[in-house]
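# Chains, contacts and geometry: an overview
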Amino acid sequence: MSIPGIDLVIVPPLRDLGDGFHVKRVLPSPSKMMVGPFIFFDQMGPTHFNAGQGLDVRPHPHIGLATVTYLFEGEILHRDSVGSVQAIRPGEVNWMTAGRGIAHSERTSPAVRASGGPISGIQLWVALPKAHEETNPSFAHFESSQLPRDLSLGASMTVIAGEWRGVQSPVEVYSPLFYVDARLQDATKLSVPATYAERAIYVTEGALELGGHRIEAGQMLVLHTGQEVVFNAVSDSRAVVLGGEPFDEPRFIWWNLVASSAERIHAAREDWQAGRFQVVPGESESIPAPELGAARPRSSESTRTS
Ligand code: MN
């Protein structure tokens, strides 16, 4: 499918993480590993947990990245090795900078688990620029009311992180990027300016139209550099738009680890297996690292399309 202004359409595979919990793994994709500094993109759910069911992502490590969690429905309780305990709800942002190393868990709290309920949202990883890869780990939470909205073009654009059309999110970022939640009424337009070198859009509800092509929910479109692209909503729709400036050097990704060298990933795996990460207060379990084996760290060099 060739669409003017679009380099690539990514239709993510559905992955079963167990207990009926599904994610769509959009990035890294076989044909495109990164969009600007964004190196990982999972759409969680939508899933409905029955009473007594919930999410249980046991403690695991991260390095070299920041995780960004943004929910559409439900609630997740985050705990990490810098001592944070934070519930996240729809419209709020959890930004966790892993830097030189952090461990965290993501679970459904006992109170929410007792009643069951929906869960739906997006978790992204933003790779850190080389100068900040070994920065101290930290965690920040932002309420929905703290996020600015851009209504200037007819759509409601919530700026989750970075800068969009001169509107700046309070979330601290480490390289030029933007990440916005766009809500569109039927027959309105969404214009994505050429500001950043790499940009992509992922439709989460409804459908958009571009150049006579219909873009359904569950697809990511990677936009052509240097070109403003204007989408039309063909129903009440929602999409996230993101991007930024690419790094000069490739990134390696393996399991939950991101680095500018494969050696750093091997060292972090050893550290995790040897118990050298800080523990997550309140947790006694952990996820063991997989064997390095056949699934060696992947480099963004081999998937670069521009
Ligand atoms: Mn994680």
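Whatever comes next refers back to the structure up there.
The structure contained in this document is the topic of the report that follows. It should be emphasised that the depicted structure is a prediction, and the values quoted were computed from it without experimental measurement.

A few words on the environment of Glu245. Counting through the fold element by element, Glu245 comes out in the loop between strand 23 (237-244) and strand 24 (252-254). Here the alpha-carbon distance between Glu245 and Pro4, two residues 241 residues apart in the chain, equals 22 Å. In this structure, Glu245 is in contact with Gly36, Pro37, Pro176, Thr195, Tyr196 and Ala197, ignoring residues within four places of it in sequence. Only 3.2 Å separates the side chain of Glu245 from the backbone nitrogen of Ala197, close enough to count as a polar contact.

Take the nonpolar core next. In this structure, Phe41, Val93, Trp95, Leu124, Tyr179, Met220 and Leu242 are the most contacted members of the largest nonpolar core, which totals 31 residues. With 26 residues, the next largest nonpolar core counts Met157, Ile215, Leu223 and Val229 among its residues.

This next bit is on the packing of aromatic side chains. Under the defined criterion, the tally for this structure stands at 9 aromatic pairs. Judged by centre distance (3.9 Å) and plane angle (15°), the ring pair of Phe40 and Trp125 falls under stacked. Note that Phe40 is positioned in strand 4 (residues 38-49) and Trp125 in strand 11 (residues 117-127), a separation of 85 residues in sequence. When sorted by exposure, Phe40 lands in the same class as Trp125, which is buried. Through successive ring pairs, a cluster of aromatic residues spans Phe38, Tyr70, Phe72 and Tyr179.

Our focus in this paragraph is the side chain of Thr97. Along the chain, Thr97 falls in strand 9 (residues 93-97). Within polar-contact distance, the side chain of Thr97 engages the side chain of Trp95 at 2.9 Å. Setting aside anything within four residues of it in sequence, one finds Thr97 in contact with Leu65, Ala66, Ile102, Leu128, Thr135, Asn136, Pro137, Ser138 and Tyr174.

So, on to the coordination of the manganese ion. Within the protein, the manganese ion binds to His60 (NE2), His62 (NE2) and His104 (NE2); these donor distances fall in the range 2.1 Å. The sequence pattern formed by the donor residues of the manganese ion is H-x1-H-x41-H. Here the residue His62 occupies a position in strand 5 (residues 56-62), and His104 occupies one in strand 10 (residues 102-107), the gap between them amounting to 42 residues.

The residue Lys189 is located in strand 17 (residues 189-192) in this model. Each C-alpha atom of the pair Lys189 and Asn232 lies 4.6 Å from the other, and the pair is 43 residues apart in sequence. When neighbours within four sequence positions are excluded, Lys189 is seen to be in contact with Leu153, Ala155, Leu184, Val230, Phe231 and Asn232. Here Asn232 takes part through its side chain, which lies 2.9 Å from a polar atom of the side chain of Lys189.

The subject of this paragraph is the pattern of salt bridges. On inspection of all chains with the given rule, the structure shows 16 salt bridges. Between Glu285 and Arg107 there is a salt bridge, with the nearest N and O atoms lying 2.8 Å from each other. One end of the pair, Glu285, is in the loop between helix 2 (262-273) and strand 26 (298-299); the other, Arg107, is in strand 10, and 178 residues separate them in sequence. Its relative accessible area of 41% is what places Glu285 among the partly exposed residues. A salt bridge links Asp150 to Arg165; its shortest N-O distance comes to 3.5 Å. You can see Asp150 sitting in strand 13 (residues 149-150) and its partner Arg165 sitting in the loop between strand 14 (156-164) and strand 15 (167-168), a full 15 residues away along the chain.

Conventions and cut-offs
Every residue gets a number counted from 1 within its own chain, in the order that chain's sequence is written. Since the coordinates come from a predicted model, pLDDT governs what is reported: local features require at least 70, and pairs of side-chain atoms require 80 or more to be given and counted, while whole-chain, interface and lining totals use all residues. Neither water nor hydrogens contribute to the side-chain values; these are computed over all heavy atoms in the structure. Secondary structure is summarised from DSSP: a helix means a run of H or I of at least four residues, a strand means a run of E of at least two, and numbering begins at the N terminus for each. Only heavy atoms matter for contacts: two residues are in contact if any of them lie within 4.5 Å across the pair. Counting of polar contacts relies on pairs of N or O atoms within 3.5 Å, with two restrictions inside protein: one atom must be capable of donating a hydrogen and the other of accepting it, and residues adjacent in sequence are counted only when both atoms are side-chain atoms. Definition used in this section: a nonpolar core is a set of buried Ala, Val, Leu, Ile, Met, Phe, Trp, Tyr and Cys residues joined via side-chain atoms within 4.5 Å. Throughout this description, buried means an accessible area under 20% of the type-specific maximum (1.4 Å probe, protein chains only), exposed means over 50%, and partly exposed covers the range between. We call Phe, Tyr and Trp rings a pair once their centres come within 6.5 Å, taking the six-membered ring for Trp, and we label the pair stacked below 30 degrees between planes, edge-to-face above 60, and tilted otherwise. Think of the donor list as every N, O and S atom within 2.8 Å of the metal, or within 3.2 Å for Na, K and Ca; water never makes the list, so a site can look incomplete. By definition here, a salt bridge exists when the distance from a side-chain nitrogen of Lys or Arg to a carboxyl oxygen of Asp or Glu is within 4 Å.

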